[in-house]
Amino acid sequence: MKKNDFPFFNNFYKKRTSPKWGFNLFIAIVFSMISAVFLSQIEPRTSSINSVEGISKDTMEMLIRLFVAIFGGFSSIISVLLIFILSLIVTKIFKSNPRTKSLFSGSILLVLIINIITLIITMIQFGFSLSPEKYNILSLNIFNPGNEILGSFDLKLVIQSYLFTLLLHCSGKLSIKKSIISSIVLFVILLFINLIGASI
């Protein structure tokens, strides 16, 4: 199987010569906001929402949803910046000298793909009323709902690491071997952070 037959390979490779990013960033933010709102509706807590100084419950619910959507949008921007900075550091260490704009555009593409997957999974969980606090259908805790340790083993980590490999290799001009090693290190670090968070 050739490298360019791998999923999303050509999408990232095109960022070398056509690093356009505005539309992808906009879509990534919108999808993240939609996912956040859907997640907040899976377990509505309307009974715990009280009026504040004459503000009705309906208004409070709308404000909360707006805040959740805005937070979701900002989380995408932060994710893009973190991935961009991390990829920039890795390429600087290995001296591959890619175009900064290509790396930034590739980072946005990575976040967009992850956000699309997240939105699909969120809509599925919303449709079946699966609480995100108990279920993550992309993780091992689907076999033991509520188990946060199993929830740390998330398929999205594998997908994100794969996409990071493509980002480094296709957009960052790093060798495939160095890209894979860097992505494995990233996967281990993220998994370790997840396990720590689950055990606290």
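Residues numbered from 1 in each chain as written. Predicted model: local features only at pLDDT ≥ 70, side-chain atom pairs only at ≥ 80, totals over all residues. Heavy atoms only, no water.

(A) Representation of unusual backbone geometry within the structure. If you check the backbone angles, F8 has positive phi at about 70° while not being a glycine. Residue position: F8 is located in the segment before α1 (9-13). Look at F8 and you get partly exposed, because its relative accessible area is 37%. The phi torsion at S129 lies on the positive side, around 55°, for a residue other than glycine. With respect to the element layout, S129 can be found in the loop between α4 (100-127) and α5 (148-151). (Helix = DSSP H or I, 4+ residues; strand = E, 2+ residues; numbered from the N terminus. Buried < 20%, exposed > 50% of the residue type's maximum accessible area, 1.4 Å probe, protein only.)

(B) Spatial organisation of the side chain of S139. Mapped onto the elements, S139 comes out in the loop between α4 and α5. Reaching out from S139, the side chain makes a polar contact with the side chain of N141 at a distance of 3.0 Å. (Polar contact = N/O pair within 3.5 Å; in protein donor to acceptor, adjacent residues only side chain to side chain.)

(C) Structural context of the packing of aromatic side chains. With the rule as written, the count across this model stands at four aromatic pairs. Relative to Y13, the ring of F9 lies with its centre 6.1 Å away and its plane at 15°, an arrangement referred to as stacked. With a gap of four residues between them, F9 and Y13 both fall in helix α1, about one helical turn apart. Judged by its relative accessible area of 8%, F9 falls in the buried class. Pairing W21 with F104 gives two aromatic rings, centres 5.2 Å apart and planes at 80°, and the pair type is edge-to-face. One end of the pair, W21, is in the loop between α1 and α2 (22-42); the other, F104, is in helix α4, with 83 residues separating them in the sequence. Aromatic ring contacts, followed pair by pair, group W21, F84 and F104 into a single cluster. (Phe/Tyr/Trp six-rings, centres within 6.5 Å; stacked < 30°, edge-to-face > 60°.)

(D) Main features of the nonpolar core. Judged by nonpolar contacts, the single largest core of 24 residues is most densely connected at F12, L110, L163, F164 and L167. Elements with a contribution of two residues or more to this core: α1, α2, α3 (57-94), α4 and α6 (155-171). The greatest single-element share of this core, amounting to eight residues, is contributed by α4. With residues near it in sequence (within four places) discarded, L167 still touches F12, I83, S87, L103, G106, S107, L110 and G172. (Core = buried A, V, L, I, M, F, W, Y, C linked by side-chain atoms within 4.5 Å. Contact = heavy atoms within 4.5 Å.)

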